[in-house]
Amino acid sequence: AGLCAVVFFFWPKGEIRGDAVLQAARFVKLDVASPGILKELFYEKGASVKKGAVIARFENPEIARDLEEKKKSLEIANHDKVRLRTREEFLQKAKERMSILYENGAAGRALCEKADFEVLDTKEELAGKDQETESLEGEIRFLKERIEALELKAPFDGVLLNDPKDHLGGFFKEGDSVLEMADPESYFLELLVLEQDVKKIKVGNKIRASFYAYPTRWITGEVVRVAPRTIEQVEKVFKVRRVISCEIRLSDLPADIRYGMQASVRIDTNSQEKTVR
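Right, let's walk through the structure included here. The structure presented is a predicted model; accordingly, all values stated were derived computationally and were not measured.

A sheet is described by the order of its strands in space; here 4 strands give the open sequence E6-E5-E3-E8, paired in antiparallel fashion. Edge positions in the open sheet fall to strand E6 (151–153) and strand E8 (171–172), since each of these has one partner strand only. Summarising the sheet, strand E3 (residues 36–41) and strand E5 (residues 54–59) pair through 4 bridges and their orientation is antiparallel. Following the sheet pairing, Glu40 is matched in E5 by Arg57.

Put into C-alpha cells, the structure is as follows:
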C-alpha cells in the first residue's frame, strides 16, 4: 500500500492546464510615416482588407506646397541650363575664331584670354546649375515619397483590429500609431507556462482548447514552439513569477473568432516523445 502511494504521488499527471490568448504571427501596427491630417478612412474595425489596399488617407498642405515650389524651381533651373548650354556653344565657337585670328596676328593675346575666361566661367555656372537641378530632383523625389506615405496601405491580407474614426480631422505626428492589423490565417494560442513546468512540454504535445466565448466547443491542436527565454510576469505588488511562452496551433477555429480572445487549454504531456530544448 505504501509503495502504491509513493508511485501515485510521483507518477506524472500527464496534463498541464492554463489560460491562453489568441495571437497572430502576422501582426502589425501601422504608424504614420508622414505627418498629416486624417481625412478619410476606407474601412471599419473588423473589416477584411487585401494587401495593398488603401486603408486611410492623410493630408499635409505644407508638403504639397513645398512640392509645387520645388517643381517650379526645377523648371526654372532647367530653363537656365538650356540657356547656359546655348551660351557655352556660342562662346566656344567665338573662342575658336579668336584663336585663329590670334595665330594670324589679327587679334591680341588679351582677347584670347578673355574668350577662354568666358567659356570657363559659363562651364562653371552650368556645372552649378547641374548640381542645383540634381538637388531639386532629389528633394522632389523625397516630397513625393512623403505624399505617397500619406496613404496607409495594408502590408498583407488581414483584418483591421481598430480604426481611428473618432480622430478624423485630427493631426497625427510622424511615428504615431494609427491602425493594427492581423492575419487570421496566422492565428495561434499563446500559453504562458511556469518555468518549472516547461520541462514537461514537448513539441507535438496534443492539446484541447475551449474559448470562453464558445464554452461548449472543444478544439484540438498541438504545441508547435516553446520560447527560448523566460518572461517575468508581475502578479501582485512585489510578486513576480517567471514564465515561458508556448505557441499552440489549432486544427480549426470558429468563423467569427476574434484576435485576443481567451481560451482554456489542456496540454497532454504524454502525447509526444521528443522533449523541447
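Before going further, it helps to spend a moment on the nonpolar core. Counting 26 residues, the largest nonpolar core has Leu189 and Val265 as the members making the most contacts within it. Counting only elements with at least two residues in this core, the list comes to strand E1 (15–24), strand E10 (187–194), strand E11 (206–211), strand E12 (219–236), strand E13 (239–250) and strand E14 (262–268). In this view, Leu189 contacts Ala20, Val21, Leu22, Ala209, Phe211, Cys246, Glu247, Ile248, Leu250, Ala263 and Val265; residues no more than four positions away in its chain are not counted. Val32, Ile55, Ala154 and Phe156 belong to the second largest nonpolar core, which has 17 residues in total.

Further remarks concern the sheet that holds strand E9 (residues 177–182). The 4 strands lie next to each other as E2-E9-E7-E4, forming an open sheet whose pairing is antiparallel. Looking along the sheet, the strands with just one partner apiece sit at the ends: strand E2 (27–31) and strand E4 (48–49). Relative to E9, E2 runs antiparallel, the two sharing 5 bridges. Directly across from Asp31, in E9, lies its bridge partner Ser177.

Every other side chain in a regular strand lies on the same face of the sheet, so the side chains alternate between the two faces. Where strand E7 (residues 158–160) meets E9, 2 bridges bridge the pair, whose relative direction is antiparallel. Bridge pairing links Val159 to Ala182 in E9.

Counting through the fold element by element, Asn60 comes out in the loop between E5 and helix H2 (61–103). Within the structure, the side chain of Asn60 is placed 3.1 Å from the backbone nitrogen of Glu62, a separation counted as a polar contact. The contacts of Asn60, once residues within four sequence positions are left out, are Pro35, Gly36 and Leu150.

The rules behind the values
Residues numbered from 1 in each chain as written. Predicted model: local features only at pLDDT ≥ 70, side-chain atom pairs only at ≥ 80, totals over all residues. Heavy atoms only, no water. Pairing = 2+ DSSP bridges. Helix = DSSP H or I, 4+ residues; strand = E, 2+ residues; numbered from the N terminus. Core = buried A, V, L, I, M, F, W, Y, C linked by side-chain atoms within 4.5 Å. Buried < 20%, exposed > 50% of the residue type's maximum accessible area, 1.4 Å probe, protein only. Contact = heavy atoms within 4.5 Å. Polar contact = N/O pair within 3.5 Å; in protein donor to acceptor, adjacent residues only side chain to side chain.

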